[in-house]
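Structural description and commentary
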Amino acid sequence: MNQTLKWFEDYKLIATIRSSSTEDAEAMIKAAMDGGFHLFEISMQTPQAVRLIENYSKRDDCFLGVFAVTDGEMAQRAINAGAKFVSSSYVDRDIITVAKHNDVFVIQGVMTPTEAFSAYQFGADLVKIYPVSLVGGPNYVKEMRATLPFLKLIASGGVSLENAFIYLKDCVAVAIGKALFDRTLLRADNWTEITERARQLTQKLEALRLPK
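No experiment lies behind these values; they were computed from the predicted model shown.

The rules behind each value
- Residues numbered from 1 in each chain as written.
- Predicted model: local features only at pLDDT ≥ 70, side-chain atom pairs only at ≥ 80, totals over all residues.
- Heavy atoms only, no water.
- Helix = DSSP H or I, 4+ residues; strand = E, 2+ residues; numbered from the N terminus.
- Patch = residues over 30% accessible without salt bridge, like charges linked within 9 Å, V, L, I, M, F, W, Y side chains within 5 Å.
- Areas by Shrake-Rupley, 256 points an atom, 1.4 Å probe, with all protein chains shown as cover.
- Salt bridge = Lys/Arg side-chain N within 4 Å of Asp/Glu carboxyl O.
- Buried < 20%, exposed > 50% of the residue type's maximum accessible area, 1.4 Å probe, protein only.
- Axes fitted to C-alpha atoms, helices over the stretch in contact; angles between N-to-C directions.
- Parallel < 35°, antiparallel > 145°, perpendicular 65-115°, else oblique.
- Left-handed = near helix turned anticlockwise from the far one by under 90°.
- Contact = heavy atoms within 4.5 Å.
- Nonpolar A, V, L, I, M, F, W, Y, C, P; charged D, E, K, R; others polar.
- Arc of directions from axis to C-beta.
- Phe/Tyr/Trp six-rings, centres within 6.5 Å; stacked < 30°, edge-to-face > 60°.
- Lys, Arg positive; Asp, Glu negative; His and termini not counted.
- Charge placed at Lys NZ, Arg CZ, Asp CG, Glu CD.

What about unusual backbone geometry?
- A cis amide bond, omega -10 degrees, links Tyr-130 with the succeeding residue Pro-131.
- Summarising the element assignment, Pro-131 is placed in the loop between β6 (126–129) and α7 (137–147).
- A positive phi is found at Ala-68, a non-glycine position, where the angle reads about 60 degrees.
- Tracing the backbone shows Ala-68 in the loop between β3 (63–67) and α4 (72–81).

Structure follows, in structure tokens:
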């Protein structure tokens, strides 16, 4: 588990893959990887999500899990396919139980301090504030962190290219979806621009790590 946490602590930027097309989903993964991303979460609602998990979970340079998991059975299917972590948009004890029985990292979505503490009590490894843009953005995360400083947080749902690094002041990682995979770019198959956006983010992260 500590090794899994290290992936999040080291790479911090999670590419959120959600698509109605298997081909586009795979192209999204490749474009973000070309831009330096290592962390990926793929929606279980994506067609052939299990096949994508099986393919990319075997790579040494890619740490891939799933989100939009809705029950324990779905979590088990993802884990069987090779998912390194499972994430839901709300607190679900069955999902946590399945993950723990398989020694797999589990992330639970919350909106309130009560939900966040419950997720922590039930055994969530990371607590995902979702949708973060609708509950107050970086200021809300800062207050949550101050109130419950022992939590390891992820910001998800409306994280932008501009505020991603503000969230990282109080979060272990951020999940970036629409800001990276802009619909206009997807419709135009403009994977080069998506790769460039990914590269700008990963280069900024590297720059922040350099000693001052």
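Digging into a nonpolar patch on the surface
- On the surface, Phe-117, Tyr-120 and Phe-150 cluster together into a nonpolar patch covering about 270 Å² of accessible area.
- Looking at Phe-150, the relative accessible area reads 38%, which means it is partly exposed.

A look at the packing of helix α2 (residues 22–34) against helix α10 (residues 191–209)
- Between α2 and α10, the least distance of the axes is 7 Å, while the angle of their chain directions is 45 degrees. Taken as axis vectors, α2 and α10 run oblique relative to one another. When the axes of α2 and α10 are compared, the crossing they make is right-handed. Of α10, the residues touching α2 (which contributes Asp-24, Ala-27, Met-28, Ala-31, Ala-32 and Asp-34) are Trp-191, Ile-194, Thr-195, Ala-198 and Arg-199.
- Of the residues contributing to the contact of α2 with α10, the split by class is seven nonpolar, one polar and three charged.

Some points on the packing of α4 against helix α5 (residues 93–101)
- Running from amino to carboxyl end, α4 crosses α5 at an angle of 30 degrees, the nearest separation of the two axes being 8 Å. Relative to α5, α4 is oriented roughly parallel. Crossing geometry of α4 relative to α5 is assigned as right-handed. Judged by residue contacts, Gly-72, Ala-75, Gln-76 and Ile-79 of α4 engage Asp-94, Ile-95, Val-98 and Ala-99 from α5.
- Of the residues in the contact of α4 with α5, the class split is five nonpolar, two polar and one charged.

Describing α5
- Buried within α5 are the following residues: Ile-95, Ile-96, Val-98 and Ala-99. The arc enclosing the buried residues of α5, seen along the axis, measures out at 165 degrees, which places them on a common side. Turned more than 90 degrees away from the buried face of α5 sit Arg-93, Asp-94 and His-101, all of them exposed.
- Lining the buried residues of α5 we find α4, β4 (85–88), β5 (105–110) and α6 (113–122).

Concerning the packing of aromatic side chains
- The full count for this structure, using the stated rule, is nine aromatic pairs.
- The interplanar angle of 85 degrees and the centroid separation of 6.2 Å between the aromatic rings of Phe-8 and Phe-63 together place this pair among those described as edge-to-face. On the criterion of sequence distance, the pair formed by Phe-8 in helix α1 (residues 2–11) and Phe-63 in strand β3 is long-range, its members being 55 residues apart.
- Here the aromatic rings of Phe-117 and Phe-150 are separated by 6.1 Å at their centres, their planes lie at 75 degrees, and the arrangement is edge-to-face. Of this pair, Phe-117 sits in helix α6 while Phe-150 sits in the loop between α7 and β7 (153–155), and the two are 33 residues apart along the sequence.

Focus on the pattern of salt bridges
- Enumeration according to the criterion identifies six salt bridges in this entry.
- Between Glu-73 and Arg-77 there is a salt bridge, with its nearest N and O atoms 3.1 Å apart. A residue pair is termed a helical-turn pair when its members lie 3 or 4 positions apart in one helix, as Glu-73 and Arg-77 do in helix α4 at four residues.
- A relative accessible area of 48% places Glu-73 in the partly exposed class.
- Glu-196 is the salt-bridge partner of Arg-199, the closest N and O atoms lying 3.4 Å from each other. Linking Arg-199 with Glu-196, this pair stays in helix α10, spanning three residues, or about one helical turn.

Focus: a positive patch on the surface
- Together, Arg-18, Lys-178, Arg-183 and Arg-187 give the surface a local cluster of positive charge.
- Looking at the element boundaries, Arg-187 is found in helix α9 (residues 183–187).

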